[in-house]
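What the coordinates show
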Amino acid sequence: QVQLVESGGGSVQAGGSLRLSCAASGYTGVTVSAYCMGWFRQAPGKEREGVAVIGGDGSTIYTDSVKDRFTIARDSAKNTLYLQMNSLKPEDTAVYYCAARFGGCPLLRSFYNIWGQGTQVTVSS
C-alpha cells in the first residue's frame, strides 16, 4: 500500500513562501510512474479543494487561485512530491493534504483514495 506523509507547513506572513513536501512509500517499481499525485486543501467550514496535481508524465493542473504563485513538482528518485508556495495570501490558510491515485489526474477530491494526514499552513496579514 502507498503511504503519504506531509511536512513543511507552518505560519508565515502574507507575501512569504513555504515549501511543502510529501514523502511517498510503498510504491512498486512497476506502478510508481502510473500514479497521479497532488495537493488539496481545506479551510475551516469549507470543502476540500484541489490545489495542484501532477501526473506520471509530468503534466500539471492548477486551480486558478494559485496559478503563477504555486509550483508542484515530483522527484521520482526520492518518491517525494513538493509544493512551492510563493506570494502567500491569507486566503491560502488551510490544512494541506497530499493525495494520490492510480491512473488519470483530475483536480477533483472524490477521485483520490490515498491521503496523507495533512499539514497546517497559516498565512497572516
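As shown above, the structure is provided for reference.
Some thoughts on the overall build of the protein
Of regular secondary structure, the protein possesses 0 helices and 11 strands. Along its sequence from the N terminus, the protein presents helices and strands in the succession β-β-β-β-β-β-β-β-β-β-β. Considering only contacts within the protein whose residues lie at least 6 apart along the sequence, 59% involve residues at least 24 apart. Surface accessibility of the protein: about 6,500 Å² in total, with carbon and sulfur atoms responsible for 48%. Placing the 11 positive and 9 negative side-chain charges of the protein at their respective mean positions leaves the two points 3 Å apart.

Re the pattern of salt bridges
A complete count under the given rule lists 3 salt bridges for this structure. One salt bridge connects Asp 92 with Arg 41, and the closest N-O pair in it is separated by 2.9 Å. Of the two residues, Asp 92 sits in the loop between β8 (80-85) and β9 (94-102) while Arg 41 sits in strand β4 (residues 35-42), which places them 51 residues apart along the sequence. For Asp 92, a relative accessible area of 1% corresponds to the buried category. A relative accessible area of 5% places Arg 41 in the buried class. A salt bridge links Arg 69 to Asp 92; its shortest N-O distance comes to 2.8 Å. With Arg 69 in the loop between β6 (60-62) and β7 (70-75) and Asp 92 in the loop between β8 and β9, this pair connects stretches of sequence that are 23 residues apart.

About the criteria used
Residues numbered from 1 in each chain as written. Predicted model: local features only at pLDDT ≥ 70, side-chain atom pairs only at ≥ 80, totals over all residues. Heavy atoms only, no water. Helix = DSSP H or I, 4+ residues; strand = E, 2+ residues; numbered from the N terminus. Contact = heavy atoms within 4.5 Å. Areas by Shrake-Rupley, 256 points an atom, 1.4 Å probe, with all protein chains shown as cover. Lys, Arg positive; Asp, Glu negative; His and termini not counted. Charge placed at Lys NZ, Arg CZ, Asp CG, Glu CD. Salt bridge = Lys/Arg side-chain N within 4 Å of Asp/Glu carboxyl O. Buried < 20%, exposed > 50% of the residue type's maximum accessible area, 1.4 Å probe, protein only.

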